[in-house]
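If you want the building blocks of each chain, they are given just below.
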Amino acid sequence: MNSIETKLNKARTGKITPIKQDSEEKAIISVRDLNLFYGEKQALFSVSMDIQEKEVTALIGPSGCGKSTFLRTLNRMNDLIDSVQINGDIVIDNENIYQTNDVIKLRTKVGMVFQKANLFPMSIYDNVAYGPRMQGLKNKKELDKIVEESLRGAAIWDEVKDRLKTSALGLSGGQQQRICIARAIAMKPEIILMDEPTSALDPISTLKVEELIEKMKKDFTIVIVTHNMQQAARISDKTAFFLNGEVIEYEQTDKIFSMPNDQRTEDYITGRFG
Ligand SMILES: Nc1ncnc2c1ncn2[C@@H]1O[C@H](COP(=O)(O)OP(=O)(O)OP(=O)(O)O)[C@@H](O)[C@H]1O
């Protein structure tokens, strides 16, 4: 039995211990032996991973390898699909998220930004204020403050501050995606999951979102799925390479892109497949 397996077995007997015992870093998300099935079909195989606080973690791998499926397990978005069965543990802030009934609280703590901007057909202000209002916040001054802070946090305040009451759907695709990020920030999450957030954007808008992600890691832990290898290399601290539902390699991004341990990682990042 290798040392990770030994530690995992220890983890199963009690509190989850970090995979890297000697690590100074603090894991905010600990995943152990996670298996996921869509009906009969297994999509994730024994995934174990510690995701560090206030870092950007990129998930890469060829189409259909399970990146989005894994991302969605982190805030239980897969619960919405009837055929899904999951076993294993995901601990966030010392709480096993599959043992809690409070999924709304979980999704407040773990926000999400999707591939395509999915704003509501309402004003910029109302989009950003939507979540806090749903949580019962009515005080206008407080809402104004949250909206401004969130739009500043998403680096779009200056572009929209004079048109907050106009429709969010009138903005460009790149601006809409940053409003989606502001909407996520407004919920004051600890973790933000991003599923290919720039794949529908032009290069300039992509750059803006990448710069924003780099700034955001001061305040948030970010897990991002990307098909864009340069993007993973540019913005992430750690990268996990998925293949056929398994994590083949999970390392510091610099290491993955300069000296991967596994031939399959090297073949993927050098464009030999995928
Ligand atoms: N709702 C679903 N029902 C059944 N199978 C699904 C469902 N969603 C995904 N799958 C399957 O699970 C596997 C992993 O899919 P997933 O979307 O997680 O991969 P991915 O790496 O994110 O792919 P892509 O990069 O193309 O988005 C694939 O074989 C896919 O067909």
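An unreviewed UniProt entry lists the protein chain under the name Phosphate transport system ATP-binding protein, with Cytobacillus eiseniae as the source organism.

Asker: Sorry, what's going on with the overall build of the protein chain here?
Answerer: Each helix and strand in the protein chain was counted, giving eleven helices and ten strands. For the protein chain, whose C-alpha radius of gyration is 19 Å, the value lies close to the compact-globule estimate of 19 Å for 274 residues. Along the longest, intermediate and shortest principal axes, the C-alpha atoms of the protein chain span 60 × 40 × 40 Å. Among the 274 residues that make up the protein chain, the fraction classed as buried is 42%. Considering only intrachain contacts with a sequence separation of at least 6, the fraction spanning at least 24 residues in the protein chain is 67%.

Asker: Quick question: what am I supposed to make of the site of the ligand here?
Answerer: In the neighbourhood of the ligand, the contacting residues comprise Tyr 38, Ala 43, Gly 61, Ser 63, Gly 64, Cys 65, Gly 66, Lys 67, Ser 68, Thr 69 and Ile 81. Top element by residues in the shell around the ligand is helix H2 (residues 67–73). It accounts for three residues. Tallied by class, the residues present in the shell around the ligand amount to four nonpolar, six polar and one charged.

Asker: Hey, could you run me through the sheet that holds strand S7 (residues 191–195) in this one?
Answerer: What holds strands together in a sheet is hydrogen bonding between their backbones, with the strands either parallel or antiparallel. Strands sit in the order S6-S7-S8-S3-S9-S10 across an open sheet of six strands; the sheet is mixed. Here the strands that pair on one side only, and so sit at the sheet edges, are strand S6 (110–113) and strand S10 (246–252). This sheet shows a mean twist of 20° between the axes of neighbouring strands, independent of strand direction. One ladder, built from four bridges, connects S6 with S7; its direction is parallel. The residue bridging Val 110 from the neighbouring strand is Ile 191, located in S7.

Asker: Help me out: how do you make sense of the confidence of the model for the protein chain in this one?
Answerer: Low-pLDDT portions of the prediction should not be read for the details of their coordinates. Residues at a pLDDT of 70 or more form 91% of the protein chain, whose mean pLDDT is 91. Counting contacts from residues 1–14, a segment whose pLDDT is below 50, to residues more than four positions away or on other chains yields twelve contacts. Interface predicted TM-score (ipTM) for the complex: 0.97; the corresponding pTM is 0.90.

Asker: Teacher, can you tell me more about helix H5 (residues 140–153) here?
Answerer: Every α-helix carries 3.6 residues per turn, so stepping three or four residues along brings you back to the same face. With 14 residues, H5 should cover 20 Å at 1.5 Å per step; its first-to-last C-alpha distance of 20 Å lies within 8% of that length. Residues of H5 that are buried: Ile 146, Val 147, Ser 150, Leu 151 and Gly 153. Down the axis, H5 shows its buried residues gathered within 155° of arc, on one side only. Set apart from the buried face of H5 by more than 90 degrees, the exposed residues are Lys 141 and Lys 145. Residues of H5 that are buried sit in contact with helix H4 (124–134), helix H6 (157–160) and helix H7 (173–185). Downstream of H5 by one or two residues, Ala 155 has phi in the positive range, about 55°.

Asker: Help me out: how do you make sense of the sheet that holds strand S1 (residues 27–38) in this one?
Answerer: One open sheet holds the four strands; their spatial order is S2-S1-S4-S5, and the pairing between them is antiparallel. Taken across any chain shown, the strands that pair with only one partner, and hence form the sheet edges, are strand S2 (41–52) and strand S5 (95–96). Looking at chain direction, S1 and S2 are connected through eight bridges and run antiparallel. Residue pairing for S2: Val 31 is matched across the bridge by Met 49.

Asker: Explain unusual backbone geometry here, please?
Answerer: The phi angle of most residues is negative, glycine excepted, and most peptide bonds adopt the trans form. Despite not being glycine, Lys 54 shows a phi value in the positive range, around 55°. Within the secondary structure, Lys 54 sits in the loop between S2 and strand S3 (56–60).

Asker: What should I look at first to understand the environment of Thr 57 in this one?
Answerer: As for its placement among the helices and strands, Thr 57 is situated in strand S3. According to the C-beta neighbour criterion, Thr 57 is buried, with 22 such atoms within 10 Å. Taking the C-alpha atoms as reference points, Thr 57 and Glu 214, 157 residues apart in sequence, are found 11 Å from one another. With residues near it in sequence (within four places) discarded, Thr 57 still touches Ile 51, Val 223, Ser 236, Asp 237, Lys 238 and Ala 240.

Asker: I keep staring at the packing of H7 against helix H8 (residues 203–216) and nothing clicks. Help me out?
Answerer: How two helices sit against one another is set out by the angle between their axes and by the gap between those axes. For the pair H7 and H8, interaxial distance at closest approach is 9 Å and the crossing angle is 20°. Judged by the angle between their axes, H7 and H8 are roughly parallel. In the crossing of H7 with H8, the sense of the turn from one axis to the other is right-handed. Across the interface between the two elements, Gly 173, Gly 174, Gln 177, Arg 178 and Ile 181 of H7 pack against Ser 205, Lys 208, Val 209 and Leu 212 of H8.

Asker: Which parts of the structure should I look at to understand the pairing of S10?
Answerer: Each regular strand shows side chains that alternate between the opposite faces of the sheet. Two strands pair when backbone bridges link them, and strand S9 (residues 238–243) and S10 are joined in this way by six bridges, in the antiparallel orientation. Bridge assignment links Phe 241 to a residue of S10, and that residue is Glu 249.

Basis of the calculations
- Each chain carries its own residue numbering, running from 1 in the written order of its sequence.
- Local features in this predicted model are restricted to residues of pLDDT 70 or higher, and side-chain atom pairs are both shown and tallied only at a pLDDT of 80 or more, whereas totals for entire chains, interfaces and linings draw on every residue.
- Think of it this way: any DSSP run of H or I at least four residues long counts as a helix, any run of E at least two long counts as a strand, and we number them from the N terminus.
- The globule rule is 2.2 Å times the number of residues to the power 0.38, and the radius of gyration it is compared with is taken over C-alpha atoms.
- Buried means a residue has 20 or more other C-beta atoms within 10 Å of its own C-beta, exposed means 12 or fewer, and partly exposed covers the counts in between; C-beta atoms are placed from the backbone.
- We call two residues in contact whenever the C-beta atoms placed from their backbones are within 7 Å.
- Nearness is defined per residue: the C-beta atom, placed using the backbone, must lie within 6 Å of the molecule or strand.
- Only Asp, Glu, Lys and Arg are considered charged in this grouping, and only Ala, Val, Leu, Ile, Met, Phe, Trp, Tyr, Cys and Pro are considered nonpolar; every other residue, Gly among them, is considered polar.
- By the convention used here, strands pair only if DSSP detects at least 2 bridges between them.
- Throughout, an axis means a line fitted to C-alpha atoms (over the contacting stretch in the case of helices), and angles, computed between N-to-C directions, take values from 0 to 180 degrees.
- Confidence per residue, as judged by the predictor, is encoded in pLDDT with a range of 0 to 100.
- A helix is expected to span 1.5 Å for every residue after the first.
- Within this analysis, the arc is defined by the directions that extend from the helix axis to the C-beta atoms.
- Any angle that is under 35 degrees is reported as roughly parallel, and any over 145 degrees as roughly antiparallel; angles of 65 to 115 degrees are reported as roughly perpendicular and all others as oblique.
- Each helix crossing is assigned a hand: it is left-handed if the near helix lies turned anticlockwise from the far helix by less than a right angle, otherwise right-handed if that turn is clockwise.

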